[in-house]
Amino acid sequence: QIEGKLKAALIYQQNDGLLFLEPSQTVAELFPGVFVPTAIYQQFSNGGGTDLYGVELSLSGKASETVNWDINYAYINLKDDALQALQSDERRSPHHRVNAHIGYTQDKFSLDLYGQYVSQYVEAAEVLDGYFKMAANINYNITDNVTLSVSGTNLTGGNHESYITATETQAWASLRVSF
């Protein structure tokens, strides 16, 4: 018996009248040739609006008493009036995301593996490739109150970018004591 669950959600969000802070300028840059004390001048401008729509589907279940799993898929489409002047491509948010997890628990031991796929998108006018990454967590309950854990992220070692910063493989161990 799978003991499965299926969930679905439709997404729609509309934002109108967005305001953006224009890049800073000094008063001297705005009025060349006029002596004024150095000061920063900033102003807001009308950024327009955005429409976001999509769908999210998730499925979860148990393969056995010791193995559980889940997977979800999200499709998001962003139509953006706000930043069209800065960037004509509206893929600043990836259209497709897939997350998957499988977990195993036996007595005092548990293992969880996670995978994530993110499709190609644009950030700061640069096209960033889609990527796949994996993470894992291993727990051993030494006693009812003491747990040793070893975890890692980006285990596939791919050097992809996420929002303006590059990601790297990370691993750590922890000892949790509760009382």
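Worth saying up front: this structure is predicted, and the values here are computed from it rather than measured.

## Quick notes on the side chain of Ser119
Phase 1 of the analysis: Residue placement: Ser119 occurs in the loop between strand S7 (109-118) and strand S8 (121-123).
Phase 2 of the analysis: Judged by relative accessible area, which is 7%, Ser119 ranks as buried.
Phase 3 of the analysis: Here His95 takes part through its backbone nitrogen, which lies 3.3 Å from a polar atom of the side chain of Ser119.
Phase 4 of the analysis: Those residues within four positions of Ser119 in sequence are excluded, and the remaining contacts are Pro94, His95, His96 and Gly130.

## Some details on the environment of Asp16
Phase 1 of the analysis: Within the secondary structure, Asp16 sits in strand S1 (residues 5-21).
Phase 2 of the analysis: Between the C-alpha atom of Asp16 and that of Gly49, which follows or precedes it by 33 residues, the distance is 4.3 Å.

## A few points about the side chain of Ser151
Phase 1 of the analysis: Within the fold, Ser151 resides in strand S11 (residues 146-153).
Phase 2 of the analysis: Here the side chain of Ser151 touches Asn137 through a polar contact of 2.6 Å, side chain to side chain.
Phase 3 of the analysis: Ser151 has contacts with Ala136, Asn137, Gln170, Ala171 and Trp172, leaving out every residue within four places of it along the chain.

## With respect to the environment of Ser58
Phase 1 of the analysis: Tracing the chain through its elements places Ser58 in strand S4 (residues 44-62).
Phase 2 of the analysis: Residues Ser58 and Ala9 lie 49 residues apart in sequence; the distance between their C-alpha atoms is 9.0 Å.
Phase 3 of the analysis: When residues no more than four places from it in sequence are discounted, the contact partners of Ser58 are Lys5, Leu6, Lys7, Ile71 and Asn72.

## Considerations on a nonpolar patch on the surface
Phase 1 of the analysis: Taken together, the side chains of Tyr104, Phe109, Ile138, Tyr140, Ile142, Leu148, Val150, Leu175, Val177 and Phe179 present a nonpolar region at the surface, about 1,000 Å² in accessible area.
Phase 2 of the analysis: When residues of the nonpolar patch are traced back to their parent elements, those giving at least two are strand S10 (131-141), S11 and strand S14 (170-177).
Phase 3 of the analysis: The residue Leu148 is located in strand S11 in this model.

## Comments concerning the pairing of strand S6 (residues 96-106)
A regular strand places its side chains on the two faces of the sheet in alternate fashion.
Phase 1 of the analysis: Note: strand S5 (residues 67-80) against S6, nine bridges, orientation antiparallel. In the strand pairing of S6, Ala74 is matched with Arg97.
Phase 2 of the analysis: The pairing of S6 with S7 spans ten bridges and is antiparallel. Paired with Ala100 across the bridge in S7 is Gly115.

Conventions used here
Here the residue numbering is sequential within each chain, running from 1 through the sequence in written order. Local features in a predicted model are, by the rule used here, given only for residues with pLDDT of at least 70; side-chain atom pairs are given and counted only at 80 or more, and totals for whole chains, interfaces and linings are based on all residues. Side-chain numbers here rest on the full set of heavy atoms in the structure, without hydrogens or water. Secondary structure elements follow DSSP: runs of H or I of four or more residues count as helices, runs of E of two or more count as strands, with numbering from the N terminus. Exposure categories follow from relative accessible area, calculated using a 1.4 Å probe and restricted to protein chains: below 20% of the type maximum is buried, above 50% is exposed, and the middle band is partly exposed. Polar contacts, as counted here, are pairs of nitrogen or oxygen atoms within 3.5 Å of one another; within protein the pair requires one atom able to donate a hydrogen and one able to accept it, and residues that are adjacent in sequence qualify only if both atoms are side-chain atoms. Any two residues having at least one pair of non-hydrogen atoms within 4.5 Å are treated as being in contact. Within the patch definition used here, like charges are joined within 9 Å and nonpolar side chains (Val, Leu, Ile, Met, Phe, Trp, Tyr) within 5 Å, considering only residues with over 30% relative accessible area and no salt bridge. Surface accessibility follows the Shrake-Rupley procedure with a 1.4 Å probe radius. Residue values consider only the protein chains on display as shielding. The rule for a salt bridge is simple: a side-chain nitrogen of Lys or Arg has to be within 4 Å of a carboxyl oxygen of Asp or Glu. Here, any two strands with at least 2 DSSP bridges between them count as paired.

Purely spatial values, then, with no claim about function.
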